[in-house]
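Observations on the model geometry
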Amino acid sequence: MESKQIFDVIKPGALTTLQDMGREGLQRFGVPVSGAMDKFAFQIANILAGNALNTACLEVTLIGPKLQAMASVTIAITGADLEPKINGAVKPMWSTIRINKGDVLEFGKHQSGVRSYIAVAGGFEGRTYFGSKSTDVKSGFGTPLESGTVISGYPSKEKKGIGLKKQYIPIYKKSVKVAVVEGPHIDSFTNEERKRFFNSTYTVDANSNRMGYRLKSKKITPVNADIWSDAVPLGGIQIPGNGQPIILMADRQTTGGYPRIGTVISADLSKVAQLVPKGEIRFYPVSVEEAQKRLVEMENFLSVLEIFRKYF
Amino acid sequence: MLGITAIAVGDSAIKVNFAGKVSYELNAAIQMYSKKLEEASIPGVVEWVPAFNSVTVYYQPKQVSFHILIKKLYDLHEVPISSEKIKSRIIQVPVLYGGEYAPDLQRVAEHSQLEINEVIDIHQNQEYLIYMIGFLPGFPYLAGLDKRIATPRLEEPRGKIYAGAVGIANEQTGIYPVESPGGWNIIGKTPLRLFDRTEFLFQTGDYVKFHRVNKDKFLELESQIKNNRFKVSIVER
């Protein structure tokens with residue numbers, strides 16, 4: 001299909017990248033999964049825009065871009081509330097909106113969360129690396145948005161005002177509690193250290209990014225830090241030499257050599273991805289069964305929403 | 001047979017640990033297990049990552065639950081392998097040692113108290129097993145570096161190391177597949193590409209054999225690779 005120029009990038013924002021669900025199946029060759037940090041908000045943006053769930057969106061970080069439409073498009077913005085505006089007027093999020101050729105989309109004052117997703121009905125054009133359009137700068141797959149460039153896509157017209165009911169819209173707090181499945185390096189931590197971990201309130205360091213969230217609080221000391229490197233999952237909580245945990249996020253390396261005290265459950269990863277610098281986080285343990293139950297509930301919600309969307 | 005233990009890694013992965021010392025034998029058991037995983041194609045399993053003494057299996061809980069999958073993973077270990085013995089591949093990697101591409105060769109020689117030529121001979125006189133691929137796409141963790149040339153990482157990592165750089169960090173040697181920051185001692189450069197748009201040169205369990213080429217040969221290989229007229233030498237045994 002022929003692509004069409006849809007946005008002129010006037011300002012790129014702090015970090016705006018193309019993201020989809022990431023690269024699966026190549027971790028054994030060292031290829032990071034990458035992909036949207038908040039997969040829940042990302043998928044809802046696509047559902048609202050009438051796209052397939054894995055369609056690439058723009059992931060906007062804290063300071064949004066300024067884009068001028070080069071064609072008429074339907075978009076949906078979800079995730080962090082960075083006060084999206086069209087021609088200066090604040091527009092609703094979690095809902096489809098129409099942008100006419102020449103209109104300017106920009107962002108105002110930070111309200112809540114960290115990452116917004118801009119889905120365009122029909123999808124953005126972007127180079128595919130190993131089956132995904134996700135930008136992963138470190139691996140050499142794509143680059144963040146730059147001013148003076150043009151974004152192309154395959155715009156299709158969708159109705160405006162197709163939105164998510166308010167009760168389903170997540171609220172991003174500055175202080176969160178997230179559930180953790182303990183392990184796998186259970187021998188590396190004493191009961192006292194585990195207790196300390198679950199009883200501490202951690203602060204998110206400003207030096208947190210798409211690779212990992214660096215946390216600060218009381219030091220955790222592994223009894224055995226000498227482990228063989230192994231595969232590291234999304235949400236893995238590693239304890240490096242300085243005793244300050246790092247939650248491994250979308251752009252993490254495929255393997256790592258620090259002991260891990262636990263893994264944030266999949267259903268709670270969005271809370272982490274939307275936690276602002278200096279935000280607070282506390283952990284509590286859950287069973288694998290409970291973690292899987294919550295993930296399946298979330299996936300079922302998205303499936304129902306996707307089916308329901310077809311009636312509009 | 002070597003024993004395994006499986007443990008949950010969050011809600012979407014299970015780590016299968018292999019008992020025993022990290023060795024060629026243990027690596028062979030891990031390769032065997034990975035092969036069986038491939039043949040079994042268990043519904044819900046997305047991918048798996050072999051490492052030094054483990055294989056981590058990623059899966060979709062909506063398709064298969066933890067309890068069902070962990071049982072299958074234990075059972076799989078007992079299944080006799082259907083295909084013939086797993087072959088190892090030996091991949092020849094040409095390297096231009098020294099000169100402009102080797103800012104740390106002198107450092108390695110000084111640290112080892114050896115002549116530069118001795119360092120090169122020791123480095124290329126060895127087949128290195130790929131225990132794991134990680135850190136960067138296609139980056140092989142090669143074990144078995146001769147202790148005589150083992151050299152600690154740079155105190156200040158470099159901001160930029162070029163693709164194809166061959167380096168030493170303690171008792172490991174490796175190749176940078178893409179430009180990246182890094183703290184390894186760089187002793188040479190290979191013209192080979194470790195991956196292209198569709199394929200990866202190495203897989204876990206392969207052996208890497210470095211061999212020295214001069215500048216003319218390096219440039220010739222580089223141009224052949226650029227024009228897709230070069231075939232990497234891979235021997236199976």
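Residues numbered from 1 in each chain as written. Chains lettered and ligands numbered in written order. Predicted model: local features only at pLDDT ≥ 70, side-chain atom pairs only at ≥ 80, totals over all residues. Heavy atoms only, no water.

As recorded in an unreviewed UniProt entry, chain A goes by Allophanate hydrolase and comes from Virgibacillus indicus.

Counting residues in hydrophobic clusters, the biggest one holds 133 residues, and the most contacted among them are A:Phe7, A:Ile75, A:Ile247, A:Ile281 and A:Phe283. Looking at which element gives the most residues to this core, the answer is helix α1 (residues 39-49) of chain A, with 8 residues. Sequence-distant contacts of A:Phe7, that is, excluding residues within four places in its chain, are made with A:Leu67, A:Gln68, A:Ala69, A:Met70, A:Val73, A:Ile75, A:Ile99, A:Phe124, A:Thr149, A:Val150 and A:Ile151. If you look at the next biggest cluster of nonpolar residues, it comprises 28 residues, including B:Leu105, B:Leu201, B:Phe202 and B:Ile225. (Core = buried A, V, L, I, M, F, W, Y, C linked by side-chain atoms within 4.5 Å. Buried < 20%, exposed > 50% of the residue type's maximum accessible area, 1.4 Å probe, protein only. Helix = DSSP H or I, 4+ residues; strand = E, 2+ residues; numbered from the N terminus. Contact = heavy atoms within 4.5 Å.)

Take the interface of chain B and chain A next. Between chain B and chain A, the residue contacts involve 44 residues of the former and 42 residues of the latter. A combined buried area of about 3400 Å² lies between chain B and chain A, and 60% of that area is made up of carbon and sulfur atoms. For the pair chain B and chain A, the number of links is 1 salt bridge. Between B:Lys15 and A:Asp230 there is a salt bridge, with the nearest N and O atoms lying 2.7 Å from each other. (Buried area = accessible area lost by both parts, 1.4 Å probe. Salt bridge = Lys/Arg side-chain N within 4 Å of Asp/Glu carboxyl O.)

This next bit is on the side chain of A:Glu193. Residue and element names in this part refer to chain A. Inspection of the secondary structure assignment puts Glu 193 in helix α2 (residues 191-199). A relative accessible area of 10% means that Glu 193 is categorised as buried. Each residue touching Glu 193, except ones within four places of it in the same chain, is listed here: Lys 219, Ile 220, Thr 221 and Ile 261.

Here the focus is the pairing of strand β1 (residues 4-8) of chain B. Residues and elements named next belong to chain B. Covered by surrounding structure in β1 are Ile 4, Ala 6 and Ala 8 only, the residues Thr 5 and Ile 7 on the alternate face being uncovered. Two strands pair when backbone bridges link them, and β1 and strand β2 (residues 13-18) are joined in this way by 5 bridges, in the antiparallel orientation. Its bridge partner lying in β2, Thr 5 is registered against Asn 17. Where β1 folds back onto β2 in an antiparallel hairpin, the turn is made up of 4 residues, including Gly 10, whose phi is positive at roughly 70°. (Pairing = 2+ DSSP bridges.)

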